[in-house]
Amino acid sequence: MAYLEQVANLRLSPSRVSEFTNCPQLYKYRTIDKLPEPPSVDAERGTLVHTVLHDLFESPAELRNLETAVELLPSRWQAQLAAKPDLAPLVSNEKEWIDRANALLATYFKLEKPETFEPTFRELHLEFDLNSDLYLHGYVDRLDVAPTGEVRIVDYKTGKSPKPGWEAKALFQLQVYALLYYKTNNVLPRLLLLIYLGDGALVRSTPTMADLAATEATLMRIASEIKLAIEKDVWPTKPSRLCDWCFFKAICPAHT
Ligand code: SF4
């Protein structure tokens, strides 16, 4: 019965979609079984850097510089630790941890000049019912609306940029946000921008209506696959190099 409710009320976000396409079994562990997972050091570092970049825009434009960002780090880190105490044992060398976050922030300032613009939205929640039993949503790191009305959707990544040929896969998340923004505002975003702080690269795309239609079709197809997996309770494993980072490897049928 619970499975039937999940089929009737499917909630998708770009990360859930990627999870299912990367490995249906991993999707099941996380989304259906809701098994607990320890925090990931890389993901938590990403959260810290995202928080600082979010809060940086609270400062007046002339103070949006690396010094201000570096000053924000310790207090934001302490707040993150207070909210998630089981993170502390994972960070054995706090100086190294902060230094790494500082380096990512330094890279940010080589790629953007935050003193030159005002973001319109930060951590914007977009949501839309694609149909009566498919709810789609996501959180956009930053969305800028220019005085001309042109919209730019920005996402910060603390890892490295994709290898040549993999940019479209990396941009899928922003294509979904563009679709959500179009569905809710009837405006086609002008630019999608991924900012990779791991290696200082930018990945850009100018979406078209055909792109949005293709993204919607992909989402509908994946939603059907997920519903089928739920109904039949069949969750194939997809072993890949991701398995080395998968917390569930010890219980995964592909490795036992
Ligand atoms: S170990 Fe690999 S195959 Fe198994 S659930 Fe994790 S990602 Fe999927």
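Residues numbered from 1 in each chain as written. Predicted model: local features only at pLDDT ≥ 70, side-chain atom pairs only at ≥ 80, totals over all residues. Heavy atoms only, no water.

## Digging into the site of the ligand
In the vicinity of the ligand, the contacting residues are Cys23, Gln25, Leu26, Tyr29, Thr237, Lys238, Pro239, Cys243, Cys246, Lys249, Cys252 and His255. Across the shell around the ligand, the residue classes tally to seven nonpolar, three polar and two charged. (Near = heavy atom within 4 Å. Nonpolar A, V, L, I, M, F, W, Y, C, P; charged D, E, K, R; others polar.)

## Some remarks on the packing of helix α7 (residues 167-185) against helix α8 (residues 209-232)
At a minimum axis separation of 9 Å, α7 and α8 run at an interaxial angle of 105°. With respect to α8, the axis of α7 lies roughly perpendicular. From α7, Phe172, Gln175, Val176, Ala178, Leu179, Tyr182 and Lys183 reach across to α8, where they touch Met209, Asp211, Leu212, Thr215, Glu216, Thr218 and Leu219. Of the residues assigned to the contact of α7 with α8, the class counts are eight nonpolar, three polar and three charged. (Axes fitted to C-alpha atoms, helices over the stretch in contact; angles between N-to-C directions. Helix = DSSP H or I, 4+ residues; strand = E, 2+ residues; numbered from the N terminus. Parallel < 35°, antiparallel > 145°, perpendicular 65-115°, else oblique. Contact = heavy atoms within 4.5 Å.)

## Topic: the domain arrangement of the chain
If you check the domain split of the chain, you get domain 1 (41-116) and domain 2 (121-125 + 135-218). Taking the mean C-alpha position of each, domain 1 and domain 2 sit 23 Å from one another. Each partner contributes residues to the interface: domain 1 has 12 residues there, and domain 2 has 15 residues. For the domain 1 and domain 2 pair, buried surface summed over both sides reaches about 1,300 Å², with 66% attributable to carbon and sulfur atoms. Sorting the residues of domain 1 by area buried against domain 2 places His50, Leu111 and Glu112 first, and these three jointly supply 41% of that buried surface. For the pair domain 1 and domain 2, the number of links is two salt bridges. Between Arg122 and Glu58 there is a salt bridge, and its shortest N-O distance comes to 3.2 Å. Counting across the domain 1 and domain 2 interface gives five residue pairs in polar contact (both at pLDDT 80 or more). Those elements that provide at least two residues to the side of domain 1 that touches domain 2 are α4 (41-56) and α6 (94-111). For the side of domain 1 that touches domain 2, the leading source of residues is α4, giving five residues. (Domains from an automatic or database assignment. Buried area = accessible area lost by both parts, 1.4 Å probe. Salt bridge = Lys/Arg side-chain N within 4 Å of Asp/Glu carboxyl O. Polar contact = N/O pair within 3.5 Å; in protein donor to acceptor, adjacent residues only side chain to side chain.)

## Description of the pattern of salt bridges
Under the criterion given, the structure shown has 19 salt bridges. Linking Asp144 and Arg152 is a salt bridge whose minimum nitrogen-to-oxygen distance equals 2.8 Å. With relative accessibility at 6%, the residue Asp144 sits in the buried group. Judged by its relative accessible area of 24%, Arg152 falls in the partly exposed class. Where salt bridges share partners, they join Arg16, Glu19, Arg30 and Glu37 into one cluster. (Buried < 20%, exposed > 50% of the residue type's maximum accessible area, 1.4 Å probe, protein only.)

## Some points on the pairing of strand β5 (residues 191-196)
Most of β5 is tucked away: five of the six residues are buried. Of the strand pairs in this sheet, strand β4 (residues 151-157) and β5 are connected by six bridges, and their pairing is parallel. Considered in β5, the bridge of Lys157 is made with Tyr196. Following the chain from β4 across α7 to the adjacent parallel β5, one finds a crossover that is right-handed. With five bridges joining them, β5 and strand β6 (residues 201-205) adopt antiparallel strand pairing. Among the inter-strand pairings, Leu194 is bridged to a residue of β6, identified as Val203. Hairpin remark: β5 followed by β6, antiparallel, with four residues in the connecting loop; positive phi at Gly200, about 65°. (Pairing = 2+ DSSP bridges. Right-handed = clockwise from strand over helix to strand, strands pointing away.)

## Comments concerning unusual backbone geometry
One non-glycine residue, Lys34, lies in the positive phi region at around 55°. Secondary-structure assignment places Lys34 in the loop between α3 (24-32) and α4. Located in the positive-phi region is Asp233, a residue other than glycine, with phi close to 50°. Secondary-structure assignment places Asp233 in the segment after α8. The class of Asp233 is partly exposed, set by a relative accessible area of 41%.

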